[in-house]
Every structure is written in C-alpha cells, then in structure tokens.
Amino acid sequence: MSHAGGLAVDLRGVSQRHPKLMAGGGRRASWLGIAAVAFATSIAACCMALDISWSRFFNGFGELGRIVGLMFPPEYGTTTRFVLWCKSLGETLSIAFLGTLCAAVLAFPLSLLAARNVMPDWLARFVVRRCLDTIRGVNTLIWALIWINVVGLGPFAGMLAIMTTDLGTCGKLFSEAFEAADPKPGEGVISAGGSGLHRIRFGLIPQVMPVLLSQILYLIESNTRSATIIGIVGAGGIGQHLTEAIRTLEWHEVSFLVLMILVTVATIDFISARIRFAIIGNPPTNDKAS
Amino acid sequence: MSTVLLTLPDARLEALRRAYDRARGRKRTQTILAFALIASGVTVSYLVADVRIGTLLSHSDRMLDYLVRLFQLENKDPVWTDPVEWFWGIGKWSRLIAETLVIAYLGTVVGTIGAFALSFCAATNLVSSRIARSLARRILEFCRTVPELVFALLFVAAFGLGPLPGILALAIHTLGALGKQFAEVIENADISPFEAVSAAGGTWIQSVRFAILPQVLSNFASYGLLRFEINVRESAILGFVGAGGIGQDLLVAVRRFYYSDVSAIVLMIIVTVAIIDILTERVRRHLIGREQSV
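From a predicted model like this one, the values you see are computed outputs, not experimental measurements.

Conventions we followed
- Residues numbered from 1 in each chain as written.
- Chains lettered and ligands numbered in written order.
- Predicted model: local features only at pLDDT ≥ 70, side-chain atom pairs only at ≥ 80, totals over all residues.
- Heavy atoms only, no water.
- Helix = DSSP H or I, 4+ residues; strand = E, 2+ residues; numbered from the N terminus.
- Rg over C-alpha atoms; globule rule 2.2 N^0.38 Å.
- Contact = heavy atoms within 4.5 Å.
- Buried < 20%, exposed > 50% of the residue type's maximum accessible area, 1.4 Å probe, protein only.
- Salt bridge = Lys/Arg side-chain N within 4 Å of Asp/Glu carboxyl O.
- Polar contact = N/O pair within 3.5 Å; in protein donor to acceptor, adjacent residues only side chain to side chain.
- Nonpolar A, V, L, I, M, F, W, Y, C, P; charged D, E, K, R; others polar.
- 1 Å grid on protein atoms, 1.4 Å probe; cavity = no way out; pocket = protein on both sides within 12 Å on 5 of 7 lines; lining within 4 Å.
- Points joined across faces, edges and corners; volume = space filled by probe spheres on them.
- Axes fitted to C-alpha atoms, helices over the stretch in contact; angles between N-to-C directions.
- Parallel < 35°, antiparallel > 145°, perpendicular 65-115°, else oblique.
- Left-handed = near helix turned anticlockwise from the far one by under 90°.
- Expected span 1.5 Å × (residues − 1).
- Bend = angle between axes of the 7 residues up to and from the residue.
- Patch = residues over 30% accessible without salt bridge, like charges linked within 9 Å, V, L, I, M, F, W, Y side chains within 5 Å.
- Areas by Shrake-Rupley, 256 points an atom, 1.4 Å probe, with all protein chains shown as cover.
- Arc of directions from axis to C-beta.
- Domains from an automatic or database assignment.
- Disulfide = S-S within 2.5 Å.

Enquirer: Explain the overall build of chain B to me, please; I cannot follow it from the model alone.
Expert: Along its length, chain B carries twelve helices and zero strands. If you list the helices and strands of chain B from N to C, you get α-α-α-α-α-α-α-α-α-α-α-α. Here chain B has a C-alpha radius of gyration of 28 Å; the compact-globule value for 294 residues is 19 Å, and the former is much larger. Dimensions along the principal axes, computed over C-alpha positions, put chain B at roughly 85 × 70 × 45 Å. Counting only contacts in chain B whose residues sit at least 6 apart along the sequence, the fraction spanning at least 24 positions is 71%.

Right under this line is the structure:
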C-alpha cells in the first residue's frame, strides 16, 4: 500500500517536472475512442446490411450445438464404405501431389521469364507476371468447374485445377526466389567465360534450388487441404463424400470424415516439415497459409 | 616461361580421389533415391487420380472453345462489341461483390479478435503452463486444418442460407491461421521489457500490454491485412455452398452455360481482388516502413 502511494507521489512530481512528456495521453485516448466508435459503427452497419439479427445468431448456435452433439461418436457405417472413403482420400493426396508437381515443372520456365535478373526485357516480364496474377486470382474451385467441362467429372479435373492455380502461385514464388538470389556467383561464371545460359544454370539455379524445393513441399501441404474440398464441385477426392454426408445430415459420418482429413493433413504436414528441414535447415517462414 | 606443377605422391592422390569419389557417390545415391521416390509417387498418383492424358489432348480444343465462348455473347458476337449486354447484371453483381467484401471484412475482424486473444495464450515465452499452451495450440490447429468450405457447409446447415454462415466459417479459419502467425510474432519479440514490467510489479496483463503489445502490433496489423486479402478471394467462392456473396451466381452461370456472364463475373472478381491487393499492399508497406524507422 505504502509502496503504491510512494509511486503515485513520484508520478505527480515527474509530471510537474516534465509536463510536455506527461501530457498528450488525453488527446491520444480521444483519437482511440473515435476510432473505436467508427469501427463499432462499421461493424454494426455491415451486420444491418447483411440482415444479421441476434435471434438468428443465437438460434443458429443452439442448432449448431445440437449438430455437434449428434456428431459423437464418429462412425463410418459399413466396411465397404470405409474402403471407399480411403480410396477417395488417396485420390485427394494424388491430386495434391501430382497437381503441385506438374505446376512446379510448368512454372519453372515461366518464373525465369518473370525474374528481373534473368529477363531484362520489362515488357515480357510484365506480360508474364500479369498472366500469372490472373491465373492466381481465379480460385481453384472455379478452375475445377472449368476443367470439368473439358475432361468430365472426376479427380483428373481436380488435378488440373490444382495445377492451374498453382502455376500462378509457383511462378510468383519462384521468380521472387530468383530475384532474391546473390548475383555474385553468376558474375563469376560470366567472368570465367560462361554464356548467359551458363550463368543461369551454374550461378543461379544451384542457389535457389533448395528454396524452390521447400516451397514445393509447402504447396503440397497447402494443396492437400484444397484437395479435400475440391470434391464439392465434383472434381474427385474426399470432399464429395463429405458434402454428401452433410447434405443428408449423417452427422456421425461427417465427424468421421473430418477426423480422417485432420489425421491425413497432420501426417502430410509432419512428413513435409521433416523433409523441408532436411533440405533447407530452418523452419518455414512462408505466409501463404491457406 | 615454364610452369612447375606440384604433384602429390601417388599414394596420397589415391586416398584423396577415393574420398572424393565416396562423397560424389553418396550424393549421387541420394539424388537417385529421391528421383525414384518421386517417380513412384507420380506413378501411384497417376493411377489413383485417374489421369487421362489422351482425353486431355483430344479435348484440348474444348478448353480453347470454352475460353473463346466465354468472351462471346448469346449471338456469338465478341463481348466487347456490346459491353451493356455483357455486363447486363452489373447492378446485382456489384451488390453481391459488395456483400462478398463485407463477408470478408467481418470474417477477418471477428477472426482477428479471436486470434489476438488466443495467440498470447499459445506463445511459449509468455505462458509457462504447458497445458494452457498446448490447449490453445490444438484449438488453433483444428481451426486452421478444417477447410473453410467444410465449416461453411456445416454452418449453412445450422444457421440457414445466407452470409452469416460464410462470415463464421471465414472467422474460424482466420482465427486458426492468424493465431499461429501472431504467436510466432510474439515469440520473436524481445522478452526483456516484459520481464522489466513484471519485475516492477506489473500483472501479466499489464506486462503484455506495455511490453509486448507495442512490439508486435504493426506486425499483427500487417498479417491481418494479408489475411483480409486472402479472405476476399475465399469469400468469392463461399456462395458455392450457399454461404452468401457472388459465388452463388457464378456457380449458376457456370452450371447453366451462361458463358458471357461467367466471364463478366470472374472479371469483376479479379478486378476487385486486384484493387484490394494494391490497397492493402500500400497500407502494409506503410506499416512495415514505420516499424523499421522506429
């Protein structure tokens, strides 16, 4: 108590001695207040615009509680169905793996064209970059819908969709990796009489390869998640069964499927984190968490 | 001018060459192993994913047709000859795009608030209780791993059709993804000010408020904005499962082969996403610049 009192006396003394430093809290507080009120108003306005009412909110939570209650215990019904689900899960993994790999292979030459230290012509760079941006801007599910029109329903369409979206992502990530590379080894190759291609092959690619590999692994991880839902539009994988189970209100099965997905994703994350660690030696700092 | 080459005795050379061959050999074995692994993975997934290169090649004209058809009106005129006809639904679509943005905004805000609260519990350097920490981490992992659309489907069943389930689904996913990033930011923060405030008698909350928060806030804002960008993209497809936004109309247009509508809506989405990207990028650069100058 006496300690707190002593502190208060001291504070008063300090504020008398340094009035300029100790003032100004009030003005800042009022700004913060105004910002908070504006923020709250914007939230309220958004809720009003979307016609969200408290009653709907709370009724929904009651219903959600009931559904979650119905989810336990997780069940898979018959063994044949379990086998079918495992097969779909395999499809999901294949879609993610093959889609990412194809995207990486196709994106590699494109990313060279989009990197400043490889492609000196800004126009070509600009065109390639805008194309990659556009591809990336369209969601995987939309690409899946388009590919279904071309190759029909099934996992192949899903794989192509993952490939298309990731072509954009890989192209961007790879070209950034190229641009971040140290120019000195390349200069060394040139001064030893190497050609421009030699510079790229021996001065640039060995430097960025580990980075690219770890990015590919990271994308495989994140695509495993995307590939679990791509079945919602009929492009193969476990998402098909999940949608069906939710639509037919089979909550035991829903929880079992979600568990299967969680275990698979966790396993893939674990494995790829280990490989990535072996390749690059430090934990990932990529922020494209999906 | 004669050059004198110094050579080692043969026995020494032999030893060195063997070591070199061994090192090369090990690396080569590793590479071959890695390639074999990848090749077997490709083969298995090629079979499982039902890849039909033949179909793709024989139907590749369909893809081209489809893309061309996207930019044709009903009467096969190119779309740019009649922009009014192309964007006939611009009023409705703009409203839906606005709804999409609002869903993304609310989802990001709610998720960020949750992530903010949980990330401090999940940070190794602030919380000594192992149980509290791993509980917070498991919650974050769960929210992050289950895809948004699964949550959206679930919430549509509970809350009914409309933007509310979309907002909640985005919020939960944002909570998981941002919570992890926030916790990493906190763990990278300098811990000494925190210890100083604690030593001066501050409670845990006071120490966090005055020692940690000023260090991490600009990074938090930057990550939050990045997440908003991602959420704008995601909310555009939430309508596929009936969770509000432009997705519903897009799905209908694709399924019913309203080609010019598809291109118009996708174009509007791309433009919106690009504008949001540019704006948030600018704000983020400003935030990061300010942090570096301090």
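Enquirer: How do you make sense of the overall build of chain A when you look at a structure like this?
Expert: Looking only at helices and strands, one finds twelve helices and zero strands in chain A. Starting at the N terminus and ending at the C terminus, chain A contains elements arranged as α-α-α-α-α-α-α-α-α-α-α-α. Radius of gyration (C-alpha) of chain A: 27 Å, far over the 19 Å computed for a compact globule of 290 residues. When the 290 residues of chain A are sorted by exposure, 43% land in the buried category.

Enquirer: How should I be thinking about the interface of chain A and chain B in this particular structure?
Expert: Many descriptions give the size of an interface as the accessible area lost when the pieces come together. Contacts between chain A and chain B engage 56 residues on the former and 61 residues on the latter. Counting across the chain A and chain B interface gives zero salt bridges. The interface formed by chain A and chain B holds three residue pairs in polar contact (both at pLDDT 80 or more) in total. For the side of chain A that touches chain B, the element with the highest residue contribution is helix 7 (residues 140-151) of chain A, accounting for nine residues. Partitioned by chemical class, the residues of the side of chain A that touches chain B number 38 nonpolar, eleven polar and seven charged.

Enquirer: Hey, could you run me through empty space enclosed by the protein in this one?
Expert: One way to see where empty space is left: roll a probe the size of a water molecule over the atoms. Residue and element names in this part refer to chain B. Under the counting rule described, the total for this entry stands at two cavities of 30 Å³ or more. Within this model, the largest cavity holds a volume of roughly 60 Å³. Elements that contribute at least two residues to the lining of the largest cavity include exactly helix 10 (204-238) and helix 12 (259-293). Per-class residue counts for the lining of the largest cavity are seven nonpolar, two polar and one charged. Here the second largest cavity defines a volume of roughly 40 Å³. As for the second largest cavity, its lining consists of Ile97, Thr100, Val232, Ala236, Ile246, Ile269, Thr272 and Val273. If you list the elements that add at least two residues to the lining of the second largest cavity, you get helix 5 (90-122), helix 10 and helix 12. Per-element accounting of the lining of the second largest cavity gives the leading share, three residues, to helix 12. For the lining of the second largest cavity, the per-class residue count stands at six nonpolar, two polar and no charged.

Enquirer: Got a minute to help me understand the packing of helix 5 (residues 79-114) of chain A against helix 1 (residues 10-48) of chain B in this structure?
Expert: Each packed pair of helices is defined by two parameters, the angle between the axes and the distance between the axes. Two numbers describe how helix 5 of chain A lies on helix 1 of chain B: the axes approach to 9 Å, and their chain directions differ by 125°. Classed by the angle they form, the pair helix 5 of chain A and helix 1 of chain B counts as oblique. Like other packed secondary-structure pairs, helix 5 of chain A and helix 1 of chain B cross with a definite hand, here left-handed. Contacts between helix 5 of chain A and helix 1 of chain B involve Gly90(A), Glu91(A), Ser94(A), Phe97(A), Leu98(A) and Leu101(A) from the first element and Ile38(B), Gly41(B), Val42(B), Ser45(B), Tyr46(B) and Val48(B) from the second. Across the contact of helix 5 of chain A with helix 1 of chain B, the residue classes break down as seven nonpolar, four polar and one charged.

Enquirer: Honestly, helix 5 of chain A in this entry has me stumped. Any pointers?
Expert: One turn of the α-helix equals 3.6 residues, which is why residues spaced by three or four share an orientation. Taking 1.5 Å of rise per residue, the 36 residues of helix 5 of chain A would be expected to cover 52 Å, and the 51 Å separating its terminal C-alpha atoms lies within 8% of that figure. Along its length, helix 5 of chain A reaches its greatest deviation from straightness, about 40°, at Phe108(A), and the proline Pro109(A) lies no more than four positions downstream.

Enquirer: How should a nonpolar patch on the surface be read in this particular structure?
Expert: Residues and elements named next belong to chain A. A cluster of nonpolar side chains, contributed by Met209, Leu213, Phe270, Ile271, Ile275 and Ile279, occupies part of the molecular surface with about 510 Å² of accessible area. Where the nonpolar patch is concerned, the elements lending two or more residues are helix 10 (196-229) and helix 12 (251-280). Residue contributions to the nonpolar patch peak at four residues, all from helix 12. Considering the arrangement of structural elements, one finds isoleucine 279 in helix 12.

Enquirer: Teacher, can you tell me more about helix 4 (residues 54-70) of chain A here?
Expert: All names here are of chain A. Counted at 1.5 Å a residue, the expected span for helix 4 with its 17 residues is 24 Å, and the 24 Å between its end C-alpha atoms agrees. Three or more residues of helix 4 are buried, namely Gly60, Leu64 and Ile67. The buried residues of helix 4 occupy an angular sector of 60° when projected down its axis, which confines them to one face. Summarising the geometry of helix 4, the exposed residues directed more than 90 degrees from the buried face are Trp54, Phe58 and Asn59.

Enquirer: Explain the packing of helix 7 of chain A against helix 11 (residues 247-255) of chain B here, please?
Expert: At a minimum axis distance of 11 Å, the contact between helix 7 of chain A and helix 11 of chain B shows a crossing angle of 10°. One element, helix 7 of chain A, and the other, helix 11 of chain B, form an angle in the roughly parallel class. Residues Ile142(A), Leu145(A) and Asn149(A) of helix 7 of chain A lie in contact with helix 11 of chain B, whose contacting residues are Leu250(B), Leu251(B), Val254(B) and Arg255(B). For the contact of helix 7 of chain A with helix 11 of chain B, the residue count by class is five nonpolar, one polar and one charged.

Enquirer: Mind showing me how you'd approach the domain arrangement of chain A here?
Expert: With domains assigned, chain A is organised as domain 1 (2-52) and domain 2 (70-280). With centres defined by C-alpha atoms, the gap from domain 1 of chain A to domain 2 of chain A works out at 46 Å.

Enquirer: I tried to follow the state of the cysteines on my own but got confused; where do I start?
Expert: One covalent bond between the sulfur atoms of two cysteine residues makes up a disulfide. Summed over the entire model, instances satisfying the criterion amount to zero disulfides over all chains. The closest cysteine sulfur to the non-disulfide-bonded Cys131(A) is located on Cys170(A), 16 Å from its own sulfur. Using a relative accessible area of 43% as the deciding quantity, one classes Cys131(A) as partly exposed. Left unpaired, Cys143(B) is separated from the closest cysteine sulfur, that of Cys121(B), by 13 Å. Looking at Cys143(B), the relative accessible area reads 7%, which means it is buried.

Enquirer: Explanation requested: unusual backbone geometry in the structure shown.
Expert: Backbone geometry follows two general trends: most residues other than glycine have a negative phi, and most peptide bonds adopt the trans configuration. Look at Leu249(A): it is not a glycine, yet its phi comes out positive at around 60°. You can see Leu249(A) is positioned in the loop between helix 11 (239-247) and helix 12. We note that Phe257(B) has phi near 60°; this positive angle belongs to a residue other than glycine. Its location among the elements puts Phe257(B) in the loop between helix 11 and helix 12.

Enquirer: I would appreciate a short explanation of the environment of Gln181(B) in the present structure.
Expert: Tracing the chain through its elements places Gln181(B) in helix 8 (residues 163-188). C-alpha of Gln181(B) to C-alpha of Ala115(B): the two residues are 66 residues apart in sequence and 9.1 Å apart in space.

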